[in-house]
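# Structural overview for review
The lines below spell out each chain.
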Amino acid sequence: MEPIVRMTNISKSFSGNQVLKQVSFEIVPGEIHALMGENGAGKSTLMKILTGIYSRDEGDIQVNGRSVDYKDPKDAEKDGISVIHQELNIIPHLTVAENMFLGKEISISKTGILKTKIMRRETKKHLERLGVQLNPDKNAESLSVGQQQMVEIAKALAAETKVLIMDEPTAALTDREIETLFKVMNELKSQGVAIVYISHRMEEIFQMCDRITVLRDGSCAGTENIKDTDLDQIVRMMVGRALGERFPERRVEIGEERLRVEGLSNPGLFEDVHFSVKQGEVLGVAGLMGAGRSEIFETLFGARRKSSGRIFVDGKEVKIKNPYDAKKAGIGFVTEDRKSEGLVLELSVKKNLSLPNLKTLSNWGVISAKAEKAMADDFINKLRIKTHHADLQVKSLSGGNQQKVVIGKWVGINPKILILDEPTRGVDIGAKKEIYQIINELAAQGVAVIMISSELPEVLGMSDRIMVIHEGKVARILDKDEANQENIMQAATGGYRCVETMGQ
Ligand SMILES: Nc1ncnc2c1ncn2[C@@H]1O[C@H](COP(=O)(O)OP(=O)(O)OP(=O)(O)O)[C@@H](O)[C@H]1O
Ligand SMILES: [Mg+2]
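Every chain is numbered on its own, with residues counted from 1 as its sequence reads. Note on labels: chains are lettered from A, ligands numbered from 1, in written order. Reporting of local features is limited, given that this is a predicted model, to residues whose pLDDT is at least 70; pairs of side-chain atoms are given and counted only at 80 or more, and all residues count toward the totals for whole chains, interfaces and linings. Side-chain metrics rest on all non-hydrogen atoms present in the structure, leaving aside hydrogens and water.

## Quick word on the environment of Leu442
Strands are runs of DSSP state E lasting at least 2 residues, helices are runs of H or I lasting at least 4, and numbering of each runs from the N terminus. Inspection of the secondary structure puts Leu442 in helix α16 (residues 429-444). Sequence separation between Leu442 and Thr123 is 319 residues; the distance between their C-alpha atoms is 45 Å. In this description, contact between two residues means that some pair of their heavy atoms is separated by no more than 4.5 Å. Each residue touching Leu442, except ones within four places of it in the same chain, is listed here: Val411, Leu418 and Val447.

## A look at the nonpolar core
Throughout this description, the term nonpolar core refers to a set of buried Ala, Val, Leu, Ile, Met, Phe, Trp, Tyr and Cys residues connected via side-chain atoms within 4.5 Å. Working definition: with a 1.4 Å probe on protein chains only, accessible area under 20% of the residue-type maximum means buried, over 50% means exposed, and in between means partly exposed. Core analysis: the largest hydrophobic core is formed by 63 residues, its most contacted members being Leu259, Phe275, Phe297, Leu300 and Ile450. Counting 47 residues, the second largest nonpolar core, distinct from the first, contains Ile32, Leu188, Ile212 and Val239.

## Digging into the sheet that holds strand β13 (residues 282-287)
When DSSP locates at least two bridges between a pair of strands, those strands are taken to pair. What the six strands build is an open sheet, ordered β16-β19-β20-β13-β21-β22; its pairing is mixed. Taken across any chain shown, the strands that pair with only one partner, and hence form the sheet edges, are β16 (331-334) and β22 (473-479). Going from strand to strand, the sheet's axes swing by 20 degrees on average, the running direction of each strand aside. Examined bridge by bridge, β16 and strand β19 (residues 417-421) share four bridges and lie parallel to one another. If you follow Ile331 over to β19, its bridge partner there is Ile417. Each axis is a line fitted through C-alpha atoms, taken for helices only over the stretch in contact, and angles between the N-to-C directions span 0 to 180 degrees.

## A closer look at the packing of helix α15 (residues 399-411) against α16
Two elements in contact, α15 and α16, have axes whose closest approach is 12 Å; the angle formed by their N-to-C orientations is 10 degrees. Here α15 is positioned roughly parallel relative to α16, judged by the angle of their axes. Touching Lys404, Ile407 and Val411 of α15 are Ala431, Glu434, Ile435, Ile438 and Leu442, all from α16. Looking at the contact of α15 with α16 residue by residue, the class counts come to six nonpolar, no polar and two charged. Relative orientations are named as follows: roughly parallel for angles under 35 degrees, roughly antiparallel for angles over 145 degrees, roughly perpendicular for angles from 65 to 115 degrees, and oblique for any other angle. Under the scheme applied, nonpolar residues are Ala, Val, Leu, Ile, Met, Phe, Trp, Tyr, Cys and Pro; charged residues are Asp, Glu, Lys and Arg; polar residues are all the others, including Gly.

## Quick look at the sheet that holds strand β1 (residues 5-14)
Here we have four strands laid out as an open sheet, ordered β2-β1-β4-β5, and antiparallel in their pairing. In this open sheet, the two edge strands, each paired with only one partner strand, are β2 (17-27) and β5 (66-67). Its contacts with the sheet place helix α1 (residues 43-50) against β1, β2 and β4 (58-63), and it is angled at close to 115 degrees to β1.

## A closer look at the domain arrangement of the protein chain
Domain borders in the structure are assigned automatically or taken from a domain database. Split by domain assignment, the protein chain resolves into domain 1 (5-90 + 143-239) and domain 2 (257-503). Computed over C-alpha atoms only, the centres of domain 1 and domain 2 are separated by 29 Å. At the junction of the two partners, domain 1 supplies 27 residues and domain 2 supplies 28 residues. When two parts are brought into contact, each loses some accessible area as probed by a 1.4 Å sphere; the total of that loss over both is the buried area. Carbon and sulfur atoms make up 54% of the area that domain 1 and domain 2 hide from each other, which totals about 2,100 Å². One speaks of a salt bridge when a side-chain nitrogen belonging to Lys or Arg is within 4 Å of a carboxyl oxygen belonging to Asp or Glu. Note that Asp217 is salt-bridged to Lys386, the shortest N-O span being 3.4 Å. Any N or O atom pair separated by 3.5 Å or less is treated as a polar contact, with the protein-specific requirement of one donor-capable and one acceptor-capable atom, and with residues adjacent in sequence counted only for side-chain atom pairs. If you look at where domain 1 meets domain 2, you find four residue pairs in polar contact (both at pLDDT 80 or more). Listing elements by their share of the side of domain 1 that touches domain 2, those giving two or more residues are α5 (145-158), α6 (175-190), α7 (202-208) and α8 (231-239). The class makeup of the residues in the side of domain 1 that touches domain 2 is eight nonpolar, ten polar and nine charged.

## Considerations on the pattern of salt bridges
Charged atoms that come close allow side chains of opposite charge to pair. Throughout the structure, instances matching the rule amount to 33 salt bridges. The salt bridge involving Arg260 is made with Glu257; its shortest N-O contact spans 2.7 Å. You can call Glu257 partly exposed: its relative accessible area is 30%. Across the salt bridge formed by Glu317 and Arg310, the nearest N and O atoms sit 2.7 Å from each other. Judged by relative accessible area, which is 30%, Glu317 ranks as partly exposed. Each member of the salt-bridge network shares a partner with another, and the members are Arg201, Glu204, Lys432 and Glu455.

## A few points about helix α18 (residues 485-492)
By the burial criterion, the buried members of α18 are Asn487, Ile488, Ala491 and Ala492. Along the axis of α18, the buried positions cluster into a sector of 135 degrees, meaning they face one direction only. Downstream of α18 by a residue or two, Gly494 has a phi angle that is positive, lying close to 90 degrees. Taken from the helix axis, the directions to the C-beta atoms give the arc we talk about.

## Here we look at the packing of aromatic side chains
For Phe, Tyr and Trp, where Trp contributes only its six-membered ring, two rings pair if their centres lie within 6.5 Å, and the inter-plane angle classes them as stacked under 30 degrees, edge-to-face over 60, or tilted in between. Within this structure, the stated rule accounts for five aromatic pairs. Ring geometry for Phe182 versus Tyr197: centroids 6.3 Å apart, planes at 70 degrees, classification edge-to-face. A residue pair is termed long-range when its members are at least 10 positions apart, and Phe182 in helix α6 and Tyr197 in strand β8 (residues 194-198) qualify at 15 residues. Tyr197 matches Phe182 in its accessibility class, with the two residues each being buried. Geometrically, the ring pair formed by Phe301 and Phe333 is edge-to-face, given 5.2 Å between the ring centres and 75 degrees between the ring planes.

In structure tokens, the structure reads:
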């Protein structure tokens, strides 16, 4: 079949740094084509060139056999090319409906009056197709990251699309939303829409895609039919070597209780949460989007106000009223939303890494530039953060590399307890393993690690115990040996509780 999009020998440099080298890529109608590669390989850049966000230095782009040179994403949209971007483009103070129709407000041609009513109705319709119940009049800033993502997806689906580019659409979603999204994708595919699917989740690639193209360091490492390839081959194409075990083994003596939480409540969000974590233990936290997982730990960390509950660190009760108290008690927190909470995008990689570590770095209140640089370089090496140098602004890094900076920033303060909220979201398979190794090292040093994650394989592969949250309550705490995808999902959807009550 004739490709609908054909990109040939595309090259691109950013201030002398070549990030795409003679890349060729094509998609045919009715296929889901995976675009994979390590963080910083150039996936988003290639798609931004296709849609006119960036200009190319070299190469040719044909859409429907015609050479194009879009100057603006709107030009691409006119040809039926829509994008769901990796960075969410939601405007916080606008409503859901206003965000959906941003830039293409429906107007009555004669009067120019916005048809708010139609916009609302359409918004509802498109969200419902994705199984999402959201009030179109709600302000976007009150939405969770996952809900914002669903609005972005609905927005792209609202357009008459022939080519849909999805840049890590599932990174912020949990299983149930992903399932609906996949149904919609298959529907579009059967209607002949061509989909470019960027994701670091291998399971999704094998489940959904027909072909895969891998980028390595800005070059094309090859295109394969999914049914003719396997995980090992894809990883080799991505990183140039075999990966070995996905989840590195942890040999850690689990020690004394490090953190105990009793009756923690925050009305409307969650109630009566009890759990404990020991030295060297990794507690995984699973649950559906909106179950209250992040809220529990934001409250524990003092970023939200609790109504009741007691917190003990190493057997001693601690009073936590704000994040400063939490840090003093030895608690570190890697937040899920790197954009608004985790990073200062305008500052350099070095500054971001050293910000929470000022005390360790300063002598008599003066920060040693040498120590700061040494620490930053150490983290950049250890976490394999792909940046030209430590003084580059964080916002010029690829998504996954920004995530590594967030983690590095907290690891440096030597916390007793480290809470990681979706630590590997958007991180490539090799870097994921590096993050797992860091988690294992921290555990070996006696840190109690809490890992909130929507990726079940990761929760299962990394946790000693798994706490499942359902509608603001601890539905179940499972030991590693008894946990599997089924019983986690059952507890996460409220199935376990029902079975229990019925039995009584
Ligand atoms: N606007 C920019 N200015 C300077 N460098 C940039 C810019 N955008 C991207 N880069 C660099 O280009 C390279 C490719 O980045 P890109 O975002 O395309 O990677 P990616 O494959 O999408 O990675 P990820 O999986 O982390 O999202 C990276 O080294 C990145 O730092
Ligand atoms: Mg990207």
